[in-house]
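Spelled out, the chains give:
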2 protein chains.
Amino acid sequence: MRPRTVHLALGSNEGDRRASLERAVQRLSAVPGVEVLRVSSFRESAFVGAGPAQGAYLNGVAELRTTLPLPALLAVCKAIEAEAGRRLPAPKNHPRPLDLDIVLAEGETFDGVDLVVPHPRWHLRPFVVEPLRELGVDVEGAPRTERPLLVDTPGAIAALASAWTANGCVVGLVPTMGSLHEGHASLMRIARSECDRVIATIFVNPLQFGPREDFAAYPRDLGGDMRLCAAAGVDAVFAPPVAAMYDERFCSRVAVGAAAEGMEGAVRPEHFSGVATVVARLFAITRPHRAYFGEKDAQQLAVIRRMTHDLGFPIRVVPCPIVREPDGLAMSSRNVYLGADDRRASTILFRALSSAQHAFARGERDRDGLLARARAVLASEPRALLDYLELRREGDLEPLPPGPIAGGRMLVAARFERGVRPVRLLDNMALVEES
Amino acid sequence: MRPRTVHLALGSNEGDRRASLERAVQRLSAVPGVEVLRVSSFRESAFVGAGPAQGAYLNGVAELRTTLPLPALLAVCKAIEAEAGRRLPAPKNHPRPLDLDIVLAEGETFDGVDLVVPHPRWHLRPFVVEPLRELGVDVEGAPRTERPLLVDTPGAIAALASAWTANGCVVGLVPTMGSLHEGHASLMRIARSECDRVIATIFVNPLQFGPREDFAAYPRDLGGDMRLCAAAGVDAVFAPPVAAMYDERFCSRVAVGAAAEGMEGAVRPEHFSGVATVVARLFAITRPHRAYFGEKDAQQLAVIRRMTHDLGFPIRVVPCPIVREPDGLAMSSRNVYLGADDRRASTILFRALSSAQHAFARGERDRDGLLARARAVLASEPRALLDYLELRREGDLEPLPPGPIAGGRMLVAARFERGVRPVRLLDNMALVEES
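Predicted, not measured: the structure shown is a model, and the values here were computed from it.

The rules behind these values
- Residues numbered from 1 in each chain as written.
- Chains lettered and ligands numbered in written order.
- Predicted model: local features only at pLDDT ≥ 70, side-chain atom pairs only at ≥ 80, totals over all residues.
- Helix = DSSP H or I, 4+ residues; strand = E, 2+ residues; numbered from the N terminus.
- Buried ≥ 20, exposed ≤ 12 C-beta atoms within 10 Å, placed from the backbone.
- Contact = placed C-beta atoms within 7 Å.
- Nonpolar A, V, L, I, M, F, W, Y, C, P; charged D, E, K, R; others polar.
- Pairing = 2+ DSSP bridges.
- pLDDT = per-residue confidence, 0-100.
- Arc of directions from axis to C-beta.
- Core = buried A, V, L, I, M, F, W, Y, C linked by C-beta atoms within 7 Å.
- Axes fitted to C-alpha atoms, helices over the stretch in contact; angles between N-to-C directions.

A.B. asks: With reference to specific residues and values, describe the overall build of chain A.
C.D. replies: Secondary structure summary: chain A contains 13 helices and 17 strands in total. For chain A, the C-alpha atoms occupy an extent of roughly 80 × 55 × 40 Å along the three principal directions. Across the 435 residues that make up chain A, the buried fraction comes to 43%. For chain A, contacts bridging at least 24 residues in sequence account for 70% of all contacts bridging at least 6.

Shown next, in the form of structure tokens:
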């Protein structure tokens, strides 16, 4: 590798701090492929952050010239930290005899599971900025790592995701149609807690809208969506225009058989093939390790699970619980279109499902009895025009065998058509022993 | 990382060889995270291999204890080689003042673009084996790197391919139905020349055979196929049973519109959807960078290009020229079923296409004239029962606009039915200015 200048932040707040830093510089000088050009003066900084009470840090910055790739330099730094008596893996926010961080590497970037260069927070740390300035680094003009990145071409998001994977990250994907609400935020937070990098996609997919459906009118708000993604800790937002997803000669389709039949598939004939196609395309482009979908769209989830399994994507499809308004209405981007009266009436779906769930928890095992109970609740609300109410096997949503049931998922779809514009709402609930 | 024992081969055949090796050991000792436990005696070995005439090597093996990940250790070794005056990147088979190779790392394996551990040829090199034995290593029981690997589950090939990609390799995929011949070998050699790792898949895909076609009778010969793959330098062969590719509830299909219509699509209605589905599945599982397909099946190639583009797989589809028998017959696994008379008659396809190509090269630009010329040649062979003869646009094989043509591809399919069993043959040829 060609030699580049690298700036390394040094810190110590345990033991003989000055001796630790000086010894670290000496050990760095001994590494083949590393030349220490200059070292800033060392300065005191009070410990800030969570963790046990602890002493002040002594900090400085070393300027290196090195031919080592950044991950190799990181490995050497960890070995030097270990020599200094630091326990590895180091507990967060505990005192440490030596802390070495790669801060900047000329224009080079690296974005991996245990190394991000430029260091994401270097410019917020006076004990890094001041020594850099002392060494003559243009700290205002120096590169920074921005999050979330906004990407609008398949090639760019593919390159980003594949670099993350190559650098050891577990990548999570949260496909959405934008107009994000707390339900989406909960998917992102679950992804954030399980993955090293999170990609949210925002794309209103024309393939999954029927000719008489609301593609053009579907709510869109990229600015608000970006703020929600930033707050949820998303690393990249992929928001392509339609032409970047489907060129004029696009003619491929992914179809899923049995899982796409009945219920939504009966009401919206091409819907699930549109969903399976766009999700397959997003999977092919971004190659995530895990992908997050809400249980709210339970049949969509079953279709995506089947497609993922059948086409062999090595991706874990993670179902995420429905997020509800305080009165029980499942969150949906289309809820904004409910008039006040329909909004009040819409809780009937949750109440109907809950009544079946309570009956199941009390011991009712007869399918027709459970369905009749929910149907009676729904019938009490004349604004709710029922499309279907079904009780299916949990997971793949296949029909349940005859006889008493051991569990399952009840799914409902109803239209509310007396408001400003007609709105169709879905909801579902698992029937389990303990709710 | 936990400390492991690593064996490093040292060699020098330029300058003060002993001083180089001793200096290398000293430099290794200075590296944080590396402890040199023992060093074998150094021994002479004559230079073997291509390259300029050069002096004998002095060789030995060092036994290290290290916490560095293997790629970091490799980077440090390269830096030590550079300090010793070695030009990097080093020209192959030239004299070198210092050569450091990671040979063994306890049970650890690594398979990357510039590092394979265990070293693929360590056991064939007496100047490595003898010093290892001197250090007490059980050289017969020590691990080796085998190629090609034979893998029969999607999970195993996905893990292998993704480790290669993570380690910086460009991965090439050569999907086949087995019964391999020189045409397949040429795909593999092209892949070998362009990629760091080559996966060949051998799978007779039931989805692409019609109910009256020869799925059960399609020729199969895994032993012969493995030998051909080994000779062509394939790194892994993925040969799954049908149940590992399609479970009993498999119900997804990938369909490609216009590209799959007409020609083979007209004769074999579900064929291209079966092809697109299995190739999408192989792409999803193995995630290669490049995939190699023969131009012999030109419409299949167009379908796969379209599917790859539409679903967004970041995979370069590489078309490979038709390989022909000396008399011009395009190689095909089904050629073995041709009786002697049909075999002789089968060259009519090549002769018909060649006559059109010669006419084009001589200036003929009229579509009907070119087709009539080829059709006349075909008509001279009564054993050839023509299914279709078409002239299409090069690449996507769409119909050509009216008027004189600037080029294109002529495609033919014919049946030969007088032999032991009926055989259907395809061939095609680009019409170009200079043949």
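Let's pick the thread back up.
A.B. asks: Account for the interface of chain A and chain B, with residues named and values stated.
C.D. replies: Accessible area lost on assembly of the parts is the figure often given for the size of an interface. Each side of the interface is counted separately: chain A has 42 residues, and chain B has 42 residues. Sort the elements by how many residues they give to the side of chain A that touches chain B and helix 2 (residues 70–83) of chain A lands first, with eight residues. For the side of chain A that touches chain B, a count of residues per class yields 29 nonpolar, six polar and seven charged. Both strand 12 (residues 252–256) of chain A and strand 12 (residues 252–256) of chain B contribute to a ladder of five bridges, which runs antiparallel. Its bridge partner being in strand 12 of chain B, Ser252 of chain A is matched across the sheet by Val256 of chain B.

A.B. asks: With reference to specific residues and values, describe the confidence of the model for chain A.
C.D. replies: Mean pLDDT over chain A: 94, with 100% of residues reaching 70 or higher. For this predicted complex, the interface score ipTM comes out at 0.92, alongside a pTM of 0.94.

A.B. asks: Break down helix 3 (residues 126–134) of chain A for me, citing the residues and quoting the values.
C.D. replies: In an α-helix, one turn spans 3.6 residues; hence positions three or four apart end up facing the same way. Residue and element names in this part refer to chain A. Those residues of helix 3 not exposed but buried are Phe127, Val128, Pro131 and Leu132. For helix 3, the buried positions fall inside an angular range of 130 degrees around the axis, keeping them on one side. Looking at the buried side of helix 3, the elements it contacts are strand 1 (4–12), strand 3 (43–45), strand 4 (57–66) and strand 5 (99–104). Positive backbone phi, approximately 85 degrees, marks Gly136, located one or two places after helix 3.

A.B. asks: Before we move on, could you go through the nonpolar core and cite the residues and values that matter?
C.D. replies: Membership of the largest hydrophobic core comes to 165 residues, with the highest contact counts inside it found for Met188, Ala276 and Val303 of chain A together with Met188 and Val303 of chain B. Contacts of Met188 of chain A, omitting those with residues within four sequence positions, involve Val174, Val198, Ala200, Cys229, Ala232, Gly233 and Val234 of chain A. Counting residues in hydrophobic clusters, the runner-up holds 72 residues, among them Ala62 of chain A together with Ala75, Cys77 and Trp122 of chain B.

A.B. asks: Help me get a handle on the sheet that holds strand 17 (residues 423–431) of chain A, residues and values and all.
C.D. replies: Residues and elements named next belong to chain A. Strand order in the open sheet formed by three strands is 15-16-17, with antiparallel pairing between adjacent strands. Unpaired on one side and paired on the other, strand 15 (385–392) and strand 17 mark the two borders of the sheet. Across the sheet, the axes of successive neighbouring strands diverge by a mean angle of 10 degrees, strand direction being ignored. Across nine bridges, strand 16 (residues 408–416) lies against strand 17 in antiparallel orientation. Bridge assignment links Phe416 to a residue of strand 17, and that residue is Val423. Seen against the sheet, helix 12 (residues 348–361) touches strand 16 and strand 17 and runs at an angle of roughly 15 degrees to strand 17. Running at roughly 155 degrees to strand 15, helix 13 (residues 367–379) makes contact with strand 15 and strand 16 of the sheet.

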